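Take a look at the letters that make up each chain.
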Amino acid sequence: MSQSASSPLIVVLNGPNLNMLGLRQPHIYGSDTLDDVEVLCAETAEALGLAIDFRQTNGEGELVTWVQECRGRAAGIVINPAGYSHTSVALLDALLAVDLPVMEVHISNIHRRDAFRHHSYVSQAATGVICGCGIQGYALALTAIADLVQNRA
Ligand code: DHK
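Residues numbered from 1 in each chain as written. Predicted model: local features only at pLDDT ≥ 70, side-chain atom pairs only at ≥ 80, totals over all residues. Heavy atoms only, no water.

Asker: Could you give an account of the overall build of the protein, naming the residues involved and the relevant values?
Answerer: If you tally the helices and strands in the protein, you get five helices and five strands. The linear arrangement of helices and strands in the protein, starting from the amino end, is β-α-α-β-α-β-α-β-β-α. For a compact globule of 153 residues, the expected C-alpha radius of gyration is about 15 Å, and the protein comes in at 14 Å, within 12% of that figure. A burial count over the protein gives 48% of its 153 residues as buried. Put simply, of all contacts in the protein between residues at least 6 apart along the chain, 77% involve residues at least 24 apart. Accessible area for the protein stands at about 7,200 Å²; split by element, carbon and sulfur atoms hold 49% of it. Mean positive and mean negative side-chain charge positions of the protein (8 and 15 charges, respectively) differ by 6 Å. (Helix = DSSP H or I, 4+ residues; strand = E, 2+ residues; numbered from the N terminus. Rg over C-alpha atoms; globule rule 2.2 N^0.38 Å. Buried < 20%, exposed > 50% of the residue type's maximum accessible area, 1.4 Å probe, protein only. Contact = heavy atoms within 4.5 Å. Areas by Shrake-Rupley, 256 points an atom, 1.4 Å probe, with all protein chains shown as cover. Lys, Arg positive; Asp, Glu negative; His and termini not counted. Charge placed at Lys NZ, Arg CZ, Asp CG, Glu CD.)

Below you can see the structure in the form of structure tokens.
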């Protein structure tokens, strides 16, 4: 985590199987690891004057709890819900409950893939969605959320 007293906190959440980045279907997700994504996010956040708390879990309940904990603590959420994008009403409800700017990220272009990936429950709670830009999507999402946070203040 990088943080300073004056920097708005953005929580960057990663869902199931993203711990396998770099090993998992590299023709779809690329060769960068989740550690590389964290470095990219930390560098981008620092340049934007944001603090980040970067996390990954394979558990739906843990992801829901982490979203709930953002209320009153974070200025915004960047989330790659991974497989839970397409299945989790609970995650959608949690994101709606925290009432924060939310940027949804998918490394791959979910619309060029299996039909079941074309719908994301999470998108109903998202301010914006970035997909198909590889891991640079996280940097784009942080840039967008910095603008949202500044305009909300
Ligand atoms: C990651 C996953 O794990 C998939 O379940 C989603 C998303 C797509 C991504 O592109 O980052 O369908």
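Asker: Lay out the site of the ligand in plain terms, naming residues and giving numbers.
Answerer: Close to the ligand lie Arg24, Tyr29, Asn80, Ala82, Gly83, His86, His106, Ile107, Ser108, Ile110, Arg113 and Arg117. In this structure, Gly83 approaches the ligand through a main-chain N or O atom, which is 3.2 Å from an oxygen atom. One of the side-chain nitrogen or oxygen atoms of Ser108 is found 2.6 Å away from an oxygen atom of the ligand. Look at the ligand: alone it shows 310 Å² of surface, and the protein chains cover 97% of it. Here the ligand occupies the largest pocket. (Near = heavy atom within 4 Å. Polar contact = N/O pair within 3.5 Å; in protein donor to acceptor, adjacent residues only side chain to side chain. 1 Å grid on protein atoms, 1.4 Å probe; cavity = no way out; pocket = protein on both sides within 12 Å on 5 of 7 lines; lining within 4 Å. Sits in = over half its atoms within 2 Å of the grid points.)

Asker: Please give an account of the sheet that holds strand E3 (residues 76-80) that cites residues and values.
Answerer: If you walk across this open sheet you meet the five strands as E2-E1-E3-E4-E5, and the pairing is parallel. Strand pairing shows two members of the sheet lacking a second neighbour, strand E2 (51-56) and strand E5 (128-131), which therefore form its edges. Across the sheet, the mean angle separating the axes of adjacent strands is 15° when strand polarity is ignored. In this structure, E3 lies alongside strand E4 (residues 102-106), joined through three bridges in parallel fashion. (Pairing = 2+ DSSP bridges. Axes fitted to C-alpha atoms, helices over the stretch in contact; angles between N-to-C directions.)

Asker: Outline the pattern of salt bridges, supporting the account with residue identities and numerical values.
Answerer: Enumeration over the complete set of coordinates arrives at three salt bridges. When the shortest N-O distance is used, the salt bridge between Asp114 and Arg117 registers 2.6 Å. Residues joined in a network through salt bridges with shared partners are Asp53, Arg55 and Arg73. (Salt bridge = Lys/Arg side-chain N within 4 Å of Asp/Glu carboxyl O.)

Asker: Give a detailed account of helix H3 (residues 60-69), specifying residues and quantitative values.
Answerer: Within the span of H3, buried status applies to Leu63, Val64, Trp66 and Val67. Burial along H3 is one-sided: seen end-on, the buried residues are contained in an arc of 160°. Here the buried face of H3 lies against strand E1 (9-14), E2, E3 and helix H4 (89-98). (Arc of directions from axis to C-beta.)

Asker: Break down the environment of Val39 for me, citing the residues and quoting the values.
Answerer: The topology assignment puts Val39 in helix H2 (residues 34-48). C-alpha of Val39 to C-alpha of Leu50: the two residues are 11 residues apart in sequence and 14 Å apart in space.

Asker: Summarise the nonpolar core; cite the residues concerned and give the values.
Answerer: Core analysis: the largest hydrophobic core is formed by 27 residues, its most contacted members being Val78 and Leu142. Within the residue set of this core, elements represented by two or more residues are E1, H2, E2, E4 and helix H5 (136-152). Ranked by residue count, the leading element in this core is H5, at seven residues. The residues contacting Val78, other than those within four sequence positions of it, are Ile10, Val11, Val12, Leu13, Met103, Val105, Ala141, Leu142 and Ile145. With 23 residues, the next largest nonpolar core counts Leu9, Leu91, Leu100 and Val102 among its residues. (Core = buried A, V, L, I, M, F, W, Y, C linked by side-chain atoms within 4.5 Å.)

Keep in mind these numbers describe shape, not what the thing actually does.
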